[in-house]
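Overview (structure and organization)
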Amino acid sequence: PEAVAGPNGSVARSPGVGYFSPVAGLAMGHAVQAGDLLGMVDVLGISCDVSAPEKGIISRVLADDGQAVEYGQTLAEIDPISLSIDTAESDAVID
């Protein structure tokens, strides 16, 4: 599986055996949207996308540029972004 969502976040996994190339700027603290490209894995000369499975913040990047990776290997961990709404603001009446 390329990406897996879990209760405490999600992970992006390698789609195959090959060499990982992250997108420029991919690092801990980087905000991503669901479907954003995180990098590519070169599998026998074919570039396979690695995408963010959900909106969140990159908590760890587990593979370096050019690193050999295995099928299903976790490449990045993503913490979900939870939105909290201030109830005082949401109860405001607009005339």
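1. What to know about the pairing of strand β3 (residues 18–22)
- Across two bridges, the pairing between β3 and strand β8 (residues 68–69) is antiparallel. Opposite Tyr19, over in β8, you have Ala68 as the bridge partner.
- Note that β3 and strand β5 (residues 37–43) share four bridges and pair antiparallel. Its bridge partner being in β5, Ser21 is matched across the sheet by Met40.

2. With respect to the nonpolar core
- Grouped together as the largest cluster of nonpolar side chains are 15 residues, with contacts concentrated most on Phe20, Leu38, Val41 and Leu75.
- Not counting chain neighbours up to four residues away, the residues in contact with Leu75 comprise Ala12, Arg13, Ser14, Phe20, Val41, Val50, Arg60, Val61, Leu62, Ala63 and Val69.

3. Here's the deal with unusual backbone geometry
- Positive phi, close to 50°, is recorded for Leu44, a residue that is not glycine.
- Turning to its location among the elements, Leu44 is positioned in the loop between β5 and β6 (46–51).

4. Quick word on the pattern of salt bridges
- Counted under the stated rule, the structure contains one salt bridge.
- Residues Glu77 and Arg60 are paired through a salt bridge, measuring 3.0 Å at the closest nitrogen-oxygen approach. Pair noted here: Glu77 is in strand β9 (residues 74–80) and Arg60 is in strand β7 (residues 56–61), with a separation of 17 residues, a long-range link.

About the thresholds
Residues numbered from 1 in each chain as written. Predicted model: local features only at pLDDT ≥ 70, side-chain atom pairs only at ≥ 80, totals over all residues. Heavy atoms only, no water. Pairing = 2+ DSSP bridges. Helix = DSSP H or I, 4+ residues; strand = E, 2+ residues; numbered from the N terminus. Core = buried A, V, L, I, M, F, W, Y, C linked by side-chain atoms within 4.5 Å. Buried < 20%, exposed > 50% of the residue type's maximum accessible area, 1.4 Å probe, protein only. Contact = heavy atoms within 4.5 Å. Salt bridge = Lys/Arg side-chain N within 4 Å of Asp/Glu carboxyl O.

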